[in-house]
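Single-letter residue listing:
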Amino acid sequence: MNSLSSCGFLNMATIGDFDPLNATIPATKVEITVSCRNLLDRDTFSKSDPICVLYTQGIGNKEWREFGRTEVIDNTLNPDFVRKFILDYFFEERQNLKFDLYDVDSKSTNLSKHDFLGQACCTLGEVVGSLGGRMEKALGFTICHKTEVVKNTLNPVWQAFKISVRALCNGDYDRTIKVEVYDWDRDGSHDFIGEFSTSYRELSRGQSQFNVYEVINPKKKGKKKKYLNSGTVTLLSFLVDTEVTFLDFIKGGTQINFTVAIDFTASNGNPAQPTSLHYMNPYQLNTYAMALKAVGDIIQDYDSDKMFPALGFGAKLPPDGRISHEFALNGNPQNPYCNGIDGVMEAYYQSLKSVQLYGPTNFSPVINHVARYAASVKDGSQYFILLIITDGVISDMAQTKESIVNAASLPMSIIIVGVGPAEFDAMIELDGDEVRISSRGRYAERDIVQFVPFRDYIDRTGNHILSMARLAKDVLAEIPDQFLSYMRTRGIKPSPAPPPYTPPGHPLQTQI
């Protein structure tokens, strides 16, 4: 990482917060703290005065935009910056980050006026997926806040209502929280009784003498000298409920295992012809390669060894021409693993040169292949994702339904990307968003299939990077929820995170 010998110690802030008043999409925020060791010394009579600048990229946009800057630390080559970068994290997106280090020589905010020290690039997924980073969870709980109407009594006891701490006080334990009490009327003209103020810190004491509040009506208090209050409110209970998240499992060591299965049926067309969906254009990726790279580039950040099984189906294999619906793209059935997504791409291209496209389009063999591995690891340490890329109508629908119903009880998800102009009505049936898939009267335990046609994400201007980013964002968006649904139904909790990473005091000299 050039002169950045250590970067991106990750503190995880509010997790999966949902504001019921705003009804916005739940967001996970991560907090990145930057420390560096052994930076270059650009100053003559003292040491460098470093500052770190973070840049981010938008989806499908190559332009880097400045996100923020740390403070300047004077006269040091080993800065531990205090100012943190807080970003929204989305599993389904490739969020590129760039950290630039400068030696500040003046008060100018123009970075070109300062000496460049070094640069490090990574994705937010790599930071999250790295167990070497520091991750600390905070504010992942809910507290009682709102009540229902209690009729015909001057001594109501309200049931508890849950609300996230972020919605209530945004993490500021001492922020004033105002509570208003009304006499409810059916016509909506509720009568104001009074109000009182508290804070999260006070509420967290639970039921005690500190949590008995006088309800004050300001108008009555201003008019009546003998006015004391309009009653009291007593806190009866206080609950702290920690919500387990996808990131809790990742930082606890859960591995995401990615397998790809590619359709080699004849309906794709002759790979040597430009009209083929498998055409190997020397200047740009075909739709199969774009779908594979779009999804794989994101998922690989969560796999420590970056070794991925790559399968094909629907082809005649050399030398005897037997039809296979579960063959290794690298030609090694005993070891179908490829080194990284680039290795999968290379094996895909080599297979196009050696196999004969044939048919039919059978999904169940590759689903069962991954399911066998998933069935052997049910303790939450691993989760399996199968990406199927296909161009046509499925031939073994009954068997595929059976395979999916069986796989729904395993730590496994299936992504199906349809390429080309074909109708994919049958695929929609496999995606159980509206009607849960069933086989022989048995329903899937949970929804594990996400299907999308790639043509819906093609950018009209021909921007393939944007097309791939849109596809990945949509097909991966459901994975964290599918992952958590399995863990929750099995009562699996995340493993404890490893101890925080501490930067070494005297690392080896790094070179630019």
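Counting of residues starts from 1 at the beginning of each chain's written sequence and follows it residue by residue. With the structure being a predicted model, the display of local features is reserved for residues of pLDDT at least 70 and the display and counting of side-chain atom pairs for 80 or more, all residues being used for whole-chain, interface and lining totals. Where side-chain values are given, they derive from all heavy atoms of the structure, hydrogens and water being excluded.

Tell me about the pattern of salt bridges, and please be specific about residues and values.
The rule for a salt bridge is simple: a side-chain nitrogen of Lys or Arg has to be within 4 Å of a carboxyl oxygen of Asp or Glu. This model, assessed by the stated rule, comprises 12 salt bridges. Between R201 and D174 there is a salt bridge, with the nearest N and O atoms lying 2.7 Å from each other. Taken as a pair, R201 in helix 3 (residues 200-203) and D174 in the loop between helix 2 (165-169) and strand 10 (177-183) lie far apart in primary sequence, 27 residues in all. Here's how the labels work: a residue is buried when its accessible area is under 20% of the maximum for its type, exposed when over 50%, partly exposed in between, all with a 1.4 Å probe on protein chains only. You can call R201 partly exposed: its relative accessible area is 42%. Among the residues examined, D174 registers a relative accessible area of 48% and is labelled partly exposed. Its salt-bridge partner being D297, residue K293 comes within 3.3 Å of it at the nearest N-O pair. One end of the pair is K293 and the other is D297, both in helix 6 (residues 287-299) and four residues apart, which spans about a single turn. If you follow the salt bridges from partner to partner, you end up with K178, E180 and E195 in one network. Only DSSP runs of H or I with at least four residues qualify as helices, and only runs of E with at least two residues qualify as strands; both kinds are numbered from the N terminus onward.

Could you give an account of a positive patch on the surface, with specific residues and numbers?
A contiguous patch of positive charge on the surface is contributed by K219, K220, K223 and K224. If you trace the backbone, K224 turns up in the loop between helix 4 (218-223) and strand 13 (232-234). Exposure above 30% relative accessible area and no salt bridge define the residues that can form patches, which grow by joining like charges within 9 Å and nonpolar side chains of Val, Leu, Ile, Met, Phe, Trp and Tyr within 5 Å. Each accessible area is a Shrake-Rupley estimate made with a 1.4 Å probe; only the visible protein chains count as cover when residues are assessed. Counting rule for charge: Lys and Arg are taken as positive, Asp and Glu as negative, and neither His nor the chain ends is counted. Taken as the charge location is NZ of Lys, CZ of Arg, CG of Asp or CD of Glu.

Report on the packing of helix 6 against helix 11 (residues 464-476), specifying residues and quantitative values.
Throughout, an axis means a line fitted to C-alpha atoms (over the contacting stretch in the case of helices), and angles, computed between N-to-C directions, take values from 0 to 180 degrees. The contact between helix 6 and helix 11 brings their axes to 9 Å, and the two run at 60°. The orientation of helix 6 with respect to helix 11, classified from their angle, is oblique. The way helix 6 lies across helix 11 gives a crossing that is right-handed. Residues M290, A291, K293, A294, V295, I298 and I299 of helix 6 pack against H464, M468, L471, A472, V475 and L476 of helix 11. Any residue that is not Ala, Val, Leu, Ile, Met, Phe, Trp, Tyr, Cys, Pro, Asp, Glu, Lys or Arg is counted as polar, Gly included; the first ten are nonpolar and the last four charged. Of the residues contributing to the contact of helix 6 with helix 11, the split by class is 11 nonpolar, one polar and one charged. Note on terminology: angles under 35 degrees are roughly parallel, angles over 145 are roughly antiparallel, angles of 65 to 115 are roughly perpendicular, and the others are oblique. Helix crossings fall into two classes, left-handed where the near helix is turned counterclockwise from the far one by less than a right angle and right-handed where it is turned clockwise. In this description, contact between two residues means that some pair of their heavy atoms is separated by no more than 4.5 Å.

It is worth stressing that arrangement in space is one thing and function is another; only the former is reported here.
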